[in-house]
Amino acid sequence: MGLGLSAIRLDSTLNLIIVVVLTLLAIVAVPFFWERWRRKLLGRTGTILVAVVLIVVSTGMGGNMIGGFFPTVGALFGTGAYSGDNVNAVAGENGSDLDKLRDAGAMRAKEGKGSVVHMTVAGKRTGLTRDVSVYFPPQYYDPAFRSLKFPVIEWIPNYPSGPEVVTGPYELPAKLDAAIAKHVLPPTLVIIPDPTGKPKIGHDTECIDEVNGTANDTYLTADIRDWAIEKLGANPQRKAWTMAGWSSGGYCAMNLVTRHPQWYGQAASVSGYYKASVDAETENLFKGRQDIIDANTVSLNLQKHPSPVDILAIAGDKENFESFSIDQIQAAVRAPATLSSWRIPDAGHNMNTFKAQVPDVLAWIGARTVAPCAPQDKKIISNGGVTPWPLPNTGAKGALVDIVE
């Protein structure tokens, strides 16, 4: 069943057009058959029901394509089969057989392409097991780089999506290939964990260690980081670790980095917010504990616990709460933390807004992270060993503001 549902695309323009045409036909059918089925209550009820269902489906598909939440029906229902979509290989739990995939990765590397491998990762501290996809840059399979430790971007998917949205609708692997080829970003491992688990609908975790609940924060930080250092050859230096994301993933990135500055050096957020979003989709995360709410508020962490982290916050000027969040963070930031931010004119909370910013986000990260280095090399290369990509300061991307207080 999972494989069948995963074959039905929700992000297909053709499928949306088909559903819209069927919806229009169903709406026309209601008055057309109304008089003909005057004595047939079941017929009248059926045509109305079909029309209503198709209206809901077409509206939902349109919203899904704008937000980029679910690529397939399998993703929507959380069958698990969808998690390996848009990947080049599937590995065993914890990447137990990654070495067997090196030859295939090396073949792709000859074309300048990285490889995306899907697996499940079991957290040693939390006991949680979740889907994780990993982008391996082409250089990962180069013998000259084999002994080096790679920097990491931990990319948090937006709720209610999982790793498949990053390798699919985000189109992140191709953008990473391009950024690395242009020397805008050093060769970097990109780890894409599932921040929610299953089921997804109605279980928005906001990447938080829930009070008397699931330790999402601990899994996404301590567990994933320890596993990547041990299994993937990730660089343990804090400046080698960046968190990034869009929407809820942007909040998660900023919150987790400001909560754990001993492990992370940078956070990049597009359309993120400064405190956890609590709504009908959110679990009862805090159980009324104001101290835990405060501990997961980005602006308060920056104000009360300043640390040497660099934050990038981007929002569209039509995103009221996200834009307000930038103002809150700007007012709270204290040295040694830094904030870079810009607002995008005429942009709202949608996938197109986000995708347009990815190249500049990768450039911002590339100018701050570290290059692959030998395990004994403790020197921090502040610009990642690459030429920093010029950040936008005028025009379509809005004004760039660097703040250090």
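Residues numbered from 1 in each chain as written. Predicted model: local features only at pLDDT ≥ 70, side-chain atom pairs only at ≥ 80, totals over all residues. Heavy atoms only, no water.

Visitor: I would appreciate a short explanation of the overall build of the chain in the present structure.
Guide: When helices and strands are counted, the chain shows 13 helices and 10 strands. Looking at the chain as a whole, 55% of its 405 residues are labelled buried. Contacts in the chain between residues far apart in sequence, at least 24 positions, make up 76% of those at least 6 positions apart. Approximately 17300 Å² of the chain is accessible, and the part contributed by carbon and sulfur atoms is 60%. (Helix = DSSP H or I, 4+ residues; strand = E, 2+ residues; numbered from the N terminus. Buried < 20%, exposed > 50% of the residue type's maximum accessible area, 1.4 Å probe, protein only. Contact = heavy atoms within 4.5 Å. Areas by Shrake-Rupley, 256 points an atom, 1.4 Å probe, with all protein chains shown as cover.)

Visitor: Is there a simple way to think about empty space enclosed by the protein in this case?
Guide: Here the idea is plain: a probe the size of a water molecule rolls over the atoms and shows the empty space left. Scanning all chains against the criterion turns up 2 cavities of 30 Å³ or more. Taken as a whole, the largest cavity encloses approximately 40 Å³ of empty space. Each residue belonging to the lining of the largest cavity can be placed in one class, and the counts come to 5 nonpolar, 3 polar and 2 charged. Taken as a whole, the second largest cavity spans an internal volume of roughly 30 Å³. Looking at the second largest cavity, the residues that line it are Val116, Tyr135, Val166, Thr167, Leu172, Pro173, Leu176, Val190 and Ile192. Examining the composition of the lining of the second largest cavity, we find that 3 residues originate from one element, helix 7 (residues 172-181), more than from any other. Split into classes, the residues belonging to the lining of the second largest cavity amount to 8 nonpolar, 1 polar and no charged. (1 Å grid on protein atoms, 1.4 Å probe; cavity = no way out; pocket = protein on both sides within 12 Å on 5 of 7 lines; lining within 4 Å. Points joined across faces, edges and corners; volume = space filled by probe spheres on them. Nonpolar A, V, L, I, M, F, W, Y, C, P; charged D, E, K, R; others polar.)

Visitor: Help me understand the nonpolar core in this model?
Guide: Within soluble globular proteins, side chains that are nonpolar generally end up buried alongside one another. Of all hydrophobic cores here, the largest spans 57 residues; its most connected members are Phe136, Ile191, Trp227 and Leu232. Ile191 has contacts with Val132, Ser133, Val134, Val152, Ile153, Glu154, Trp155, Ile224, Trp227, Ala228, Leu232 and Trp241, leaving out every residue within four places of it along the chain. Counting residues in hydrophobic clusters, the runner-up holds 33 residues, among them Val116, Trp155, Ala268 and Phe354. (Core = buried A, V, L, I, M, F, W, Y, C linked by side-chain atoms within 4.5 Å.)

Visitor: It is not clear to me how the confidence of the model for the chain should be interpreted in this structure. Could you clarify?
Guide: Detailed reading of the predicted coordinates is not advisable wherever pLDDT is low. When pLDDT is averaged along the chain, the result is 84; 79% of the residues meet or exceed 70. This model gives residues 1-5 a pLDDT under 50, and the stretch forms 7 contacts once residues within four places in sequence are excluded. The low-confidence segment residues 380-405 (pLDDT under 50) makes 74 contacts with residues lying over four places distant or belonging to another chain. (pLDDT = per-residue confidence, 0-100.)

Visitor: Is there a simple way to explain the packing of aromatic side chains in this structure?
Guide: Each aromatic ring pair is characterised by the separation of its centres together with the angle its planes make. Summed over all chains, the structure comprises 13 aromatic pairs. Here Tyr274 and Phe321 contribute two aromatic rings whose centre-to-centre distance is 6.0 Å and whose plane-to-plane angle is 50°, an arrangement assigned as tilted. Of the two residues, Tyr274 is situated in the loop between strand 7 (266-270) and helix 10 (290-295) and Phe321 in helix 12 (residues 320-332); the sequence distance between them amounts to 47 residues. Owing to a relative accessible area of 11%, Tyr274 belongs among the buried residues under this scheme. Assessed through its relative accessible area of 33%, Phe321 is described here as partly exposed. Each ring, one from Tyr274 and one from Phe324, has its centre 5.9 Å from the other, and the planes form 70°; the classification is edge-to-face. (Phe/Tyr/Trp six-rings, centres within 6.5 Å; stacked < 30°, edge-to-face > 60°.)

Visitor: Please clarify how helix 13 (residues 351-366) should be interpreted in this entry.
Guide: Two residues of an α-helix separated by three or four positions point the same way, owing to the 3.6 residues in each turn. For helix 13, built from 16 residues, the straight-helix expectation of 22 Å at 1.5 Å per residue is met to within 8% by its first-to-last C-alpha distance of 23 Å. The axis of helix 13 is deflected most strongly, by about 45°, at Val358, and proline Pro359 appears within four residues downstream. Within the sequence span of helix 13, burial applies to Met351, Thr353, Phe354, Gln357, Val358, Asp360, Val361, Leu362, Ala363, Trp364, Ile365 and Gly366. Two to three positions downstream of the cap, the backbone nitrogen of Asn352 sits 3.1 Å from a side-chain oxygen, assigning the N-cap of helix 13 to Asn350. (Expected span 1.5 Å × (residues − 1). Bend = angle between axes of the 7 residues up to and from the residue. Polar contact = N/O pair within 3.5 Å; in protein donor to acceptor, adjacent residues only side chain to side chain.)

Visitor: Explain the pattern of salt bridges to me, please; I cannot follow it from the model alone.
Guide: Where side chains of opposite charge bring their charged atoms close, a pairing between them can arise. On inspection of all chains with the given rule, the structure shows 10 salt bridges. For the salt bridge of Lys355 with Glu171, the shortest nitrogen-to-oxygen distance reads 3.5 Å. Separated by 184 residues along the polypeptide, Lys355 in helix 13 and Glu171 in the loop between helix 6 (163-167) and helix 7 bring together distant segments of the chain. On the basis of relative accessible area, Lys355 is assigned to the partly exposed category, the value being 22%. Asp310 serves as the salt-bridge partner of Lys239, at 3.2 Å between the closest nitrogen and oxygen. Here Asp310 lies in strand 8 (residues 310-316) and Lys239 lies in the loop between helix 8 (216-232) and strand 6 (241-246), a separation of 71 residues in the sequence. Residue classification places Lys239 among the buried residues on the basis of a relative accessible area of 15%. Residue classification places Asp310 among the buried residues on the basis of a relative accessible area of 13%. (Salt bridge = Lys/Arg side-chain N within 4 Å of Asp/Glu carboxyl O.)

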